[in-house]
Amino acid sequence: MRSFRPGPCDEAFYEVVRRIPAGHVATYGQIAFLSGHPGAARAVGNALHRNPDPDRTPCFRVVDASGRLSGAFAFGGAGEQQRRLEKDGITVNNGRVDLDRFGWHPLG
C-alpha cells in the first residue's frame, strides 16, 4: 500500500485549519477560500479525511456550510467530532454548530 504524501493544495488547507482557534469552527468552503483555492470545498474534505497529523491539524473544527458535522467515519466513530468540539467549548445541537455563534471570522 502506498503511503499518503500531502500535495501542495493539501498543505495549504492544513495550514489554514491550524489557524482555527479553539472554540471556533470553519466551513470547508471557507478553508478553500482562505487557502487560495476558492471553490475547492470538496478537495478540502478529501484532504482533511487523509489528515496525516491530527494532533497538529484540528480538522474536527471544520463543518459543512450549514454547520453540520461530518459523518462518523471521519473521526473514528459516532459522536467523536461532537465530543471533540464540546471539549473545545462548542455547543452542538442536533448534529450542527451555530455558525453565527461559533464560526471563525479571520477577515473581520
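Everything here concerns the structure above.
Residues numbered from 1 in each chain as written. Predicted model: local features only at pLDDT ≥ 70, side-chain atom pairs only at ≥ 80, totals over all residues. Heavy atoms only, no water.

Structural notes on the overall build of the protein chain
For step 1, the next point in the chain: When you go through the protein chain residue by residue, the secondary structure sums to 5 helices and 4 strands.
For step 2, the next point in the chain: Moving toward the C terminus, one meets the helices and strands of the protein chain in the order α-β-α-α-β-α-β-β-α.
For step 3, the next point in the chain: Across the 108 residues of the protein chain, 38% fall into the buried class.
For step 4, the next point in the chain: In the protein chain, the share of contacts with a sequence separation of at least 24, taken over all contacts with a separation of at least 6, comes to 63%.
For step 5, the next point in the chain: Accessible surface for the protein chain amounts to roughly 6,400 Å². Of this, 50% is attributable to carbon and sulfur atoms. (Helix = DSSP H or I, 4+ residues; strand = E, 2+ residues; numbered from the N terminus. Buried < 20%, exposed > 50% of the residue type's maximum accessible area, 1.4 Å probe, protein only. Contact = heavy atoms within 4.5 Å. Areas by Shrake-Rupley, 256 points an atom, 1.4 Å probe, with all protein chains shown as cover.)

Digging into the environment of G71
For step 1, the next point in the chain: With respect to the helices and strands, G71 occurs in the loop between β2 (62-63) and α4 (80-87).
For step 2, the next point in the chain: Sequence separation of G71 and Q81 is 10 residues, and the distance between their C-alpha atoms is 8.7 Å.

Regarding the side chain of S35
For step 1, the next point in the chain: Considering the arrangement of structural elements, one finds S35 in the loop between α2 (28-34) and α3 (41-49).
For step 2, the next point in the chain: On the basis of relative accessible area, S35 is assigned to the buried category, the value being 15%.
For step 3, the next point in the chain: A polar contact is formed between the side chain of S35 and the backbone oxygen of A32, at a distance of 2.9 Å.
For step 4, the next point in the chain: Non-local contacts of S35, meaning those with residues more than four positions away in its chain, are made with A12, F13 and V16. (Polar contact = N/O pair within 3.5 Å; in protein donor to acceptor, adjacent residues only side chain to side chain.)

Overview of the environment of R84
For step 1, the next point in the chain: Here R84 lies in helix α4.
For step 2, the next point in the chain: Residue classification places R84 among the partly exposed residues on the basis of a relative accessible area of 27%.

A closer look at the pattern of salt bridges
For step 1, the next point in the chain: Following the criterion strictly, the structure yields 6 salt bridges and no others.
For step 2, the next point in the chain: Of the charged contacts, one joins R83 and E80 as a salt bridge, the two residues approaching to 2.7 Å between their closest N and O atoms. Placement of the pair is R83 and E80 together in helix α4, with a separation of 3 residues, close to one helical turn.
For step 3, the next point in the chain: For R83, a relative accessible area of 43% puts it in the partly exposed group.
For step 4, the next point in the chain: Across the salt bridge formed by E80 and R84, the nearest N and O atoms sit 2.9 Å from each other. One end of the pair is E80 and the other is R84, both in helix α4 and 4 residues apart, which spans about a single turn.
For step 5, the next point in the chain: We classify E80 as buried; its relative accessible area is 18%.
For step 6, the next point in the chain: Sharing partners across several salt bridges, the network here consists of E80, R83 and R84. (Salt bridge = Lys/Arg side-chain N within 4 Å of Asp/Glu carboxyl O.)

Quick notes on the nonpolar core
For step 1, the next point in the chain: Ranked by internal contacts, the top residues of the largest apolar core, which has 16 residues, are F13, V17, I20, I31, V44, L48 and V62.
For step 2, the next point in the chain: Among the elements that take part in this core, helix α1 (residues 8-19) stands out by supplying 4 residues, more than any other.
For step 3, the next point in the chain: Formed by 9 residues, the second largest nonpolar core is a distinct cluster that contains V25, V63, L85 and F102. (Core = buried A, V, L, I, M, F, W, Y, C linked by side-chain atoms within 4.5 Å.)

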